[in-house]
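Given next are the chains, with one letter for each unit.
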Number of protein chains: 2
Amino acid sequence: MAQKPSIPKGTRDFGPMEMAKRNYIFNTVRKVFELYGFRQIETPAMENLSTLMGKYGEEGDKLLFKILNSGDFLHGMTPDEVANTSTLKLAAKFCEKGLRYDLTVPFARYVVQHREELQLPFKRYQIQPVWRADRPQKGRYREFYQCDVDVVGSDSLLNEVDLMQITDTIFTNFGIRVQIKINNRKILSGIAEAIGEAEKIVDITVAIDKLDKIGLDAVNEELRQDGISEEAIEKLQPIIKLEGTNAQKLDTIAEVLKDSEIGMKGVEEVRYVLSMLHALDADGTSGEGTSLNNAIQLDLTLARGLNYYTGAIFEVKAMDVQIGSITGGGRYDNLTGIFGMPGLSGVGISFGADRIYDVLNQLDLYPKEAVNGTQLLFINFGEKETSYCMPIAQAARKAGIRTEVFADSAKMKKQMSYANALNIPFVALAGENEINEGKVTLKNMTTGEQQLVTPEELISIINS
Amino acid sequence: MAQKPSIPKGTRDFGPMEMAKRNYIFNTVRKVFELYGFRQIETPAMENLSTLMGKYGEEGDKLLFKILNSGDFLHGMTPDEVANTSTLKLAAKFCEKGLRYDLTVPFARYVVQHREELQLPFKRYQIQPVWRADRPQKGRYREFYQCDVDVVGSDSLLNEVDLMQITDTIFTNFGIRVQIKINNRKILSGIAEAIGEAEKIVDITVAIDKLDKIGLDAVNEELRQDGISEEAIEKLQPIIKLEGTNAQKLDTIAEVLKDSEIGMKGVEEVRYVLSMLHALDADGTSGEGTSLNNAIQLDLTLARGLNYYTGAIFEVKAMDVQIGSITGGGRYDNLTGIFGMPGLSGVGISFGADRIYDVLNQLDLYPKEAVNGTQLLFINFGEKETSYCMPIAQAARKAGIRTEVFADSAKMKKQMSYANALNIPFVALAGENEINEGKVTLKNMTTGEQQLVTPEELISIINS
């Protein structure tokens, strides 16, 4: 036999069981997105490279998969020109198109391109693969799905409230206990401003983030190394040591930021979102005084996406599995500005399907009905028996039962191991006796129990 | 404003309404596939070019989208080497990967690569986009979805019976009246053999196919032009003039083919499939004496895929829309042979999502509930009113109602036109009076009717 064929590194095949699990994930998020009025769009796998280049930084440009122009991609370049042009520039000459790197830039492109048809606010979700020429490693793929939910054209904080509820509902439906962390870019800006180090937001946040691991003294030392003044570090102490409920934290920060306009705006925004979630908690039964099933925690060290988020920042971590962030997002005030349409504020969240898949697997949380395929298999004893079984199989399908008639009159053992391998819960057998009586023998593959039943009984047993 | 961004020619964005319709199509076929025990797989968008090249003919190789290798794709080629290498060979040097061109070759690759994990027969369906660098034109895209359903590892004709039932059920569920045509490659081979022109199957089929358009004399003239002998043309006459029911046609062909072993095998195969479909028609109510809702017709001019089909050939045409074939398939005896694993017979059908989409659009057959998004919109009159509405909205969602609270306290007119643009059937309003009474005003956007209701009444009205 020839060498086994293979697939490009960093890509994956998904077999039937993996697909069933993935579909369960996508259907669960999709259903919740739609409950909140988000509608699906899809964009092409290929975008013009002019749409993609320069949007993900220099490193990102290198990680774009580029598609060779059809036909004479050399465009009549002479060998000398080829020799004297850098690889990156040649790539740009040879390729006009590239594969989608994320769902955000295509979404921004979509909004600008279709702005005349769109009703604002535009609430969309998108579940599609993206491609990155990253070095493949455990848990990092070159093709992976993103599930993004965004609203553009509204700066109302009710959108943040919706997104928190969506996140909470989705993980509740999955049965995954999570911690939802929120922060606000304006608070971070305010802190940097209030301590007189406006340029050093990132350094400050990175250092504070290490408190649990390295302790207060080491954090302060790192801040000194970063060139933060003693006076600023002194002012930072209440924030580094920040503890307590969200309300207590907000009071402390508000005190530190009382002279920073942007900082106080951030405090107000977080307060409003939390208070709305609190107001929704009519019966007061849920955690942290909000309507969410999962705890929502203000975390000033949360600093993802500082390059583009301008308001709220979100992140979700699973409580019972060590896996890092499984969902994240935030508000960006200028998504479509890169395509010449400024002033559209948006906020969104991206759910990491691959990581959610890993968490559900580790905690074994897939509902049985979500991953079950065929429910009933008719054993094939030959042509005459099969002719008898086919109409019964058809009646079972009309009753909504996923049914197969084994196509080949193979050995009983082979047919039964097919049923076992596919986890088919019921097997029906009909030989001469059954045919004479107008019945079938129904075997419950879980209990091993067998019974002689009419076609009608068979359907009602399986459907019950 | 900068120039509007665009997408590569031959590709498409799908907006919310288009996606709702496409999801309806995919969900409908998926559900029927699963009723018959088919399970979904997905393969990567990128395959190794070695997997794809040479599988679609020379023309196909040119239509593959190739992905430029990351980094130094020149591999240190000298300018001379570049100058002395053909564009096609350069492309092969610069690119190791290409985009999926269809779902069949990746499926064959999947079966061979995973043969040790697979339980045969392997019944899989696959719904994914494919890419072809074809010249874009009306109805032909460079990115389009295929929906393939195949079984490999079984040469039983029961699979053909299942596929006919699946096809019939799917179009019945869509409400599209179709004509299902079947043929068998073995009958075509038998005919060519029986008239002593075994090499000229394709010419003969093409000529016969024109009978309706050009008449018998012209068909015979074309056969002469193709170099078919007078004696052979004479023998062909009963087949060219073939009319009547499937049974009558089969009798006529059997007479012509009685000395062709392969031809008679083909006749038997068609007879068996039709007789099984007949036997399933317990109540005798359906057309052409089969269990199908749609007519199934033996058509000897059906000759798609003669390069790879070895047995049954299928094609489906819509009765009420001029659009060509919307579904097609057949049996291939050596799918995995190209990857060094001979002897696995398979049979499958591919549903053309784009054409089905066009037919459903033209006949306006989308069920309302399949394309409806948000069911209930709360108008936003300000912060106080919204705080009152949010818990009611949340209760509606818990009752399964897709609900939005308009995020911005915009002008009433803007909010109502949002509801209209999105076809939202119910709008809820709560001002001071409603709040004082603990009620909302519910407006039915179809009838214009308004009523003052409690939150519980609102839910039961919308859910009824």
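The following refers to the structure shown. (Residues numbered from 1 in each chain as written. Chains lettered and ligands numbered in written order. Predicted model: local features only at pLDDT ≥ 70, side-chain atom pairs only at ≥ 80, totals over all residues. Heavy atoms only, no water.)

**Quick notes on the overall build of chain A**
No. 1: Looking only at helices and strands, one finds 19 helices and 16 strands in chain A.
No. 2: For 464 residues, the compact-globule formula gives about 23 Å, and the C-alpha radius of gyration of chain A, at 29 Å, lies well above that figure.
No. 3: Across its three principal directions, the C-alpha atoms of chain A cover 95 × 75 × 50 Å.
No. 4: Within the span of chain A, comprising 464 residues, buried residues form 58% of the whole. (Helix = DSSP H or I, 4+ residues; strand = E, 2+ residues; numbered from the N terminus. Rg over C-alpha atoms; globule rule 2.2 N^0.38 Å. Buried < 20%, exposed > 50% of the residue type's maximum accessible area, 1.4 Å probe, protein only.)

**A word on the packing of helix H12 (residues 246–256) of chain A against helix H13 (residues 261–280) of chain A**
Residues and elements named next belong to chain A.
No. 1: One way to put it is that H12 packs onto H13 with a least axis distance of 10 Å and a crossing angle of 165 degrees. Here H13 runs roughly antiparallel to H12, going by the angle between their axes. Relative to H13, H12 is oriented so that their crossing is left-handed. In this structure, H12 contributes Asn246, Leu250, Asp251, Ile253 and Ala254 to the contact, and H13 contributes Met264, Val267, Val270, Arg271 and Leu274.
No. 2: The residue makeup of the contact of H12 with H13, split by class, is 7 nonpolar, 1 polar and 2 charged. (Axes fitted to C-alpha atoms, helices over the stretch in contact; angles between N-to-C directions. Parallel < 35°, antiparallel > 145°, perpendicular 65-115°, else oblique. Left-handed = near helix turned anticlockwise from the far one by under 90°. Contact = heavy atoms within 4.5 Å. Nonpolar A, V, L, I, M, F, W, Y, C, P; charged D, E, K, R; others polar.)

**Thoughts on the packing of aromatic side chains**
No. 1: Scanning all chains against the criterion turns up 31 aromatic pairs over all chains.
No. 2: Linked through ring pairs, Tyr24, Phe33, Tyr125, Phe171, Phe174, Phe351, Tyr357 and Tyr366 of chain A together constitute an aromatic cluster.
No. 3: For arginine 132 of chain A, the ring lying beneath its charged end belongs to tyrosine 101 of chain A, and the centroid distance is 4.1 Å.
No. 4: We note arginine 22 of chain B situated over the ring of phenylalanine 14 of chain B; from NZ or CZ to the ring centre the distance is 3.8 Å. (Phe/Tyr/Trp six-rings, centres within 6.5 Å; stacked < 30°, edge-to-face > 60°. Lys NZ or Arg CZ within 6 Å of the ring centre and 35° of its normal.)

**Considering the environment of alanine 279 of chain B**
No. 1: Along the chain, alanine 279 of chain B turns up in helix H14 (residues 261–279).
No. 2: With 11 residues separating them in the primary sequence, alanine 279 of chain B and threonine 290 of chain B have C-alpha atoms 7.3 Å apart.

**Notes on the relation of the copies chain B and chain A**
No. 1: Relative to chain A, chain B is turned by 180 degrees and slid 0.0 Å along the rotation axis, the superposed coordinates differing by an RMSD of 0.1 Å. Here the transformation between the copies is reduced to the relation of a two-fold axis.
No. 2: Taken together, the interface assignments show that 100% of the residues at the interface of chain B recur at the interface of chain A, consistent with an identical surface on both copies. (Least-squares fit on C-alpha atoms with pLDDT ≥ 70 in both.)

**Describing the sheet that holds strand E14 (residues 426–429) of chain B**
Residue and element names in this part refer to chain B.
No. 1: Ordered by their spatial adjacency, 5 strands build an open sheet running E13-E12-E14-E15-E16, and the pairing between neighbours is mixed. In the strand order of this sheet, the two ends are held by strand E13 (403–405) and strand E16 (450–453), each with one partner. Neighbour-to-neighbour, the strand axes of the sheet open up by a mean angle of 25 degrees, direction not taken into account.
No. 2: The sheet contact formed by E14 and strand E15 (residues 440–444) spans 4 bridges and is antiparallel. Among the inter-strand pairings, valine 427 is bridged to a residue of E15, identified as lysine 443.
No. 3: Packing against the sheet, helix H18 (residues 412–421) makes contact with strand E12 (376–378), E13, E14 and E15, and its axis sits at approximately 170 degrees to E12. (Pairing = 2+ DSSP bridges.)

**As for helix H9 (residues 201–208) of chain B**
All names here are of chain B.
No. 1: Restricting attention to buried positions, one finds in H9 the residues Ile201, Ile204, Thr205, Ala207 and Ile208. Buried residues along H9 cover an arc of 165 degrees about the axis, so they all sit on one side.
No. 2: Each element contacted by the buried residues of H9 is listed here: helix H8 (185–194), helix H10 (211–214), helix H11 (216–225) and helix H12 (230–240). (Arc of directions from axis to C-beta.)

**Quick word on the sheet that holds strand E6 (residues 143–152) of chain A**
Residue and element names in this part refer to chain A.
No. 1: If you walk across this open sheet you meet the 8 strands as E1-E5-E6-E11-E10-E9-E7-E8, and the pairing is mixed. The open sheet is flanked by strand E1 (39–40) and strand E8 (295–298), the only strands paired with a single partner.
No. 2: Of the strand pairs in this sheet, strand E7 (residues 178–184) and E8 are connected by 4 bridges, and their pairing is parallel. Its bridge partner being in E8, glutamine 179 is matched across the sheet by alanine 295.
No. 3: Here helix H14 (residues 353–363) sits on the sheet and contacts E6, strand E9 (312–318), strand E10 (325–332) and strand E11 (346–351); the angle it forms with E10, its principal contact strand, is near 145 degrees.

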